[in-house]
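Coordinate analysis (summary)
So the chains spell out like this:
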Amino acid sequence: MAQVEKRGGLLRKSSASKKPLKEKVVLMYDEIFMTEDPSKCSPRFWEELFLMKVNLEYLEGKLESLDGEELMKIKDNINCLFQHCIQALGEEHPIRVVNALQTLCALIRGVHQKNKSTSGFDIINMLMGFDKAELCMKNLMESLDSLLCAEGSESLKSLCLKLLLCLVTVTDNISQNTILEYVMINSIFEAILQILSHPPSRREHGYDAVVLLALLVNYRKYESVNPYIVKLSIVDDEATLNVSIWILEQYKDKEEEHQSGFFSALTNMVGSMFIADAHEKISVQTNEAILLALYEAVHLNRNFITVLAQSHPEMGLVTTPVSPAPTTPATPLGTTPPSSDGKSITSFDQYANAFLHDDNMNFRVNLHRMPMRHRKKAADKNLPCRPLVCAVLDLMVEFIVTHMMKEFPMDLYVRCIQVVHKLLCYQKKCRVRLHYTWRELWSALINLLKFLMSNETVLLAKHNIFTLALMIVNLFNMFITYGDTFLPTPSSYDELYYEIIRMHQSFDNLYSMGKNIV
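From a predicted model like this one, the values you see are computed outputs, not experimental measurements.

Right, let's talk about the packing of aromatic side chains for a bit. Both the distance between ring centres and the angle between the ring planes are used here to describe each pair of aromatic rings. Counted under the stated rule, the structure contains 13 aromatic pairs. For the ring pair F45 and W46, a centre distance of 5.0 Å and an interplane angle of 90° mean the geometry is edge-to-face. For the residue pair F45 and W46, the accessibility class agrees, reading buried in each case. Considering the side-chain rings of W442 and F479, the 5.5 Å spacing of their centres and the 90° angle between planes classify their relative orientation as edge-to-face. Of this pair, W442 sits in helix 22 (residues 438-454) while F479 sits in helix 24 (residues 465-486); the two residues are 37 residues apart in sequence, bridging distant segments of the chain. On the accessibility criterion, W442 (0% relative accessible area) is buried. The buried category is assigned to F479, whose relative accessible area is 0%. Members of the aromatic cluster, connected to one another through ring pairs, are Y436, W438, W442, F479 and F486.

Next comes the structure, spelled out in structure tokens:
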């Protein structure tokens, strides 16, 4: 007996004497890709279509095989298919809903892919028609909102999120995706929050929901009012705020599996953006997308900062305060720092410094350190609990030693040195003797000076490297002149002078270089 083989929508018998047979759903797709309305000859056409298992490969392949002109000829049928998909989302039969969601994904992907090579039509017009676009998208978003908020099938919710992610990510630049204007108008923010605020649904759909929210927040964020930004900035219920902890838990699990932590992934993602060569394309891994969501949440809503700053010993991320009554800062964490008259900015700097240097607020922060030839990749698992200022200094040192490259990020280096300078000014003023390995900072600064001088010709064409060099020298002058007020021990002074004398050639070369320029 001849065996039946299913491939590309064809049911083919092994016998060569008979023509291959097509699946019924494929035959129905072929009718859609004709210029005539398929429901003329078959009034139940659309009703039957969504009872058939979707053949995504054939449908997307069919769309890909047509050129722009051929696609425009069947625009009315594409519009009908899109509209009937939306109608099917309101059906009680789950098979119809599933098939409609999958068909919508294929349509959106297929039409957008075609638009990359052909600019002869508008995507919105091709999918639903200009005259019906507003109503179609309103109905679509309402249906998706209802499915996400309902207590129905988890697989349906998963498909809804996949469809929304497909809708959001079809263009390389999210702000150029004009369909998202309708997603802004018909917000699904509350539906996303409902998923994230309930632990069971968060475990099932948390990743997709968080990534979707991060993407929506970034749609034209600097060009117009984004309702997702506005709503995220005022979230204050504890269940939703705990999403930030959930994100950390994901990376805690990842740390145990790959021996790297949350900050490893974060700093690796940010670092790779700058260390890449000028002509090398930067690639951010998909699993780092939720870090973007965490950044947006913390950046937009200070309530997330409060949650992250609280003690979570079960995760091993931070420790509880050493003493039960912290002396500084005077303003409780999570409240507005003092800002009365025109000195509000200075007051905020003071508040931030007081918090960072507070001995009663100790944290264990595991920073990612980029693998380099002269040091091991493995991170120290037995990190001490220290004031947050130590982690800030560690991060500045790490930035200095890992971003010396052809495409020199001058503005970031200036900011980095300014951060170190502000911290030292506070320590000098308040006589804070921080127990920190200062030798690492001195070594990083000297290596930066060496890099500036070694690449003087290339860097001078784009940047005024003498400004940065002067800032570095001023830091050393500060250590030499006022170090007795903030260095922890007399031996620290010995290490400082030893490091300067050992690397005196770098300072001599800098002096000669400056003298020659003058």
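After presenting the structure, the write-up continues.
This part takes up a nonpolar patch on the surface. The grouping of I480, Y497 and I501 at the surface amounts to a nonpolar patch, some 270 Å² of accessible area in total. The residue I480 is located in helix 24 in this model. The class of I480 is partly exposed, set by a relative accessible area of 31%.

With that settled, the discussion passes to the nonpolar core. In this structure, L49, F82, L127, M137, L140, L212 and Y228 are the most contacted members of the largest nonpolar core, which totals 94 residues. In this view, L49 contacts V25, M28, Y29, I32 and L81; residues no more than four positions away in its chain are not counted. One finds M396, F399, C416 and L475 within the second-largest nonpolar core, a separate group that totals 56 residues.

What the rule picks out here adds up to 15 salt bridges. Between R109 and E60 there is a salt bridge, with its nearest N and O atoms 2.6 Å apart. Here R109, found in helix 6 (residues 94-117), pairs with E60, found in helix 3 (residues 56-65); they are 49 residues apart in sequence, far enough to count as distant. Since its relative accessible area comes to 24%, E60 is described here as partly exposed. Ionic pairing is found between K231 and E190, a salt bridge with its closest N-O pair at 3.4 Å. Of this pair, K231 sits in helix 13 (residues 227-233) while E190 sits in helix 11 (residues 189-197), and the two are 41 residues apart along the sequence. Of the residues examined, K231 reaches a relative accessible area of 26% and is grouped as partly exposed. One connected set of salt bridges, linked through shared partners, spans K24, R44, E47, E48 and R96.

So, about the packing of helix 21 (residues 410-430) against helix 22. Following both chains from N to C, one finds helix 21 and helix 22 inclined at 145°, their axes separated by 13 Å at the closest point. Every pair of crossing elements has a handedness; the one defined by helix 21 and helix 22 is left-handed. For the pair helix 21 and helix 22, the contacting residues are Y413, I417, V420, L424 and Q427 in the first and W438, L441, L445 and L448 in the second. Among the residues making up the contact of helix 21 with helix 22, the classes are represented as 8 nonpolar, 1 polar and no charged.

Below, the discussion takes up helix 24. Where helix 24 bends most, at I480, the angle is about 55°. Looking at helix 24, one finds that the buried residues are I465, L468, A469, M471, I472, L475, F476, M478, F479, G483, T485 and F486.

By secondary structure assignment, the location of R220 is in the loop between helix 12 (199-217) and helix 13. Residues R220 and E181, spaced 39 residues apart in sequence, show a C-alpha to C-alpha distance of 9.8 Å. A distance of 2.9 Å separates a polar atom in the side chain of R220 from a polar atom in the side chain of E181.

The next thing to look at is the confidence of the model for the protein chain. Across the protein chain, the average pLDDT comes to 80, with 77% of residues at or above 70. In the model of the protein chain, strand 1 (residues 4-7) stands out as the element of lowest mean pLDDT, 46, in contrast to helix 21, which has the highest, 95. Taken as a whole, residues 1-7 scores under 50 in pLDDT and shows 13 contacts with residues more than four places along the chain or in a different chain. Here residues 271-286 is modelled with pLDDT under 50, and outside its nearest four sequence neighbours on either side it reaches 17 contacts, counting other chains as well.

Cut-offs and rules
- Per chain, residue numbering runs from 1 following the sequence as it is written.
- With the structure being a predicted model, the display of local features is reserved for residues of pLDDT at least 70 and the display and counting of side-chain atom pairs for 80 or more, all residues being used for whole-chain, interface and lining totals.
- Only hydrogens and water are set aside when side-chain values are computed; all heavy atoms of the structure are taken into account.
- Each pair of aromatic rings taken from Phe, Tyr and Trp, with Trp reduced to its six-membered ring, is defined by centres within 6.5 Å and is described as stacked if the planes are under 30 degrees apart, edge-to-face if over 60, and tilted in the remaining cases.
- The classification of residues rests on relative accessible area computed with a 1.4 Å probe and restricted to protein chains. Under 20% of the type maximum is buried, over 50% is exposed, and intermediate values are partly exposed.
- Note on conventions: DSSP H or I runs of at least 4 residues are helices, E runs of at least 2 residues are strands, and numbering of each starts at the N terminus.
- Put simply, a patch holds well-exposed residues, over 30% relative accessible area, that have no salt bridge, with like charges counted together within 9 Å and Val, Leu, Ile, Met, Phe, Trp or Tyr side chains within 5 Å.
- Surface exposure here means Shrake-Rupley accessible area, sampled with a 1.4 Å probe, where a residue is shielded only by the protein chains that are shown.
- Whenever a carboxyl oxygen of Asp or Glu lies within 4 Å of a side-chain nitrogen of Lys or Arg, that contact is scored as a salt bridge.
- Definition used in this section: a nonpolar core is a set of buried Ala, Val, Leu, Ile, Met, Phe, Trp, Tyr and Cys residues joined via side-chain atoms within 4.5 Å.
- Every residue pair with non-hydrogen atoms within 4.5 Å of one another is taken to be in contact.
- Axis geometry follows a simple rule: fit a line to the C-alpha atoms, using only the stretch in contact for helices, then measure angles between N-to-C directions, giving values from 0 to 180 degrees.
- Here is the rule for handedness: rotate from the far helix to the near one, and if that takes an anticlockwise turn smaller than a right angle the crossing is left-handed, while a clockwise turn gives right-handed.
- Put simply, Ala, Val, Leu, Ile, Met, Phe, Trp, Tyr, Cys and Pro go in the nonpolar bin, Asp, Glu, Lys and Arg in the charged bin, and everything else, Gly too, in the polar bin.
- Note that the bend at a residue is defined as the angle between axes fitted to the seven residues ending at it and the seven residues starting at it.
- Nitrogen and oxygen atoms within 3.5 Å of one another constitute a polar contact, given that in protein one can donate a hydrogen and the other can accept it, and given that sequence-neighbouring residues count only through two side-chain atoms.
- For every residue, the predictor reports its confidence as pLDDT, a number between 0 and 100.

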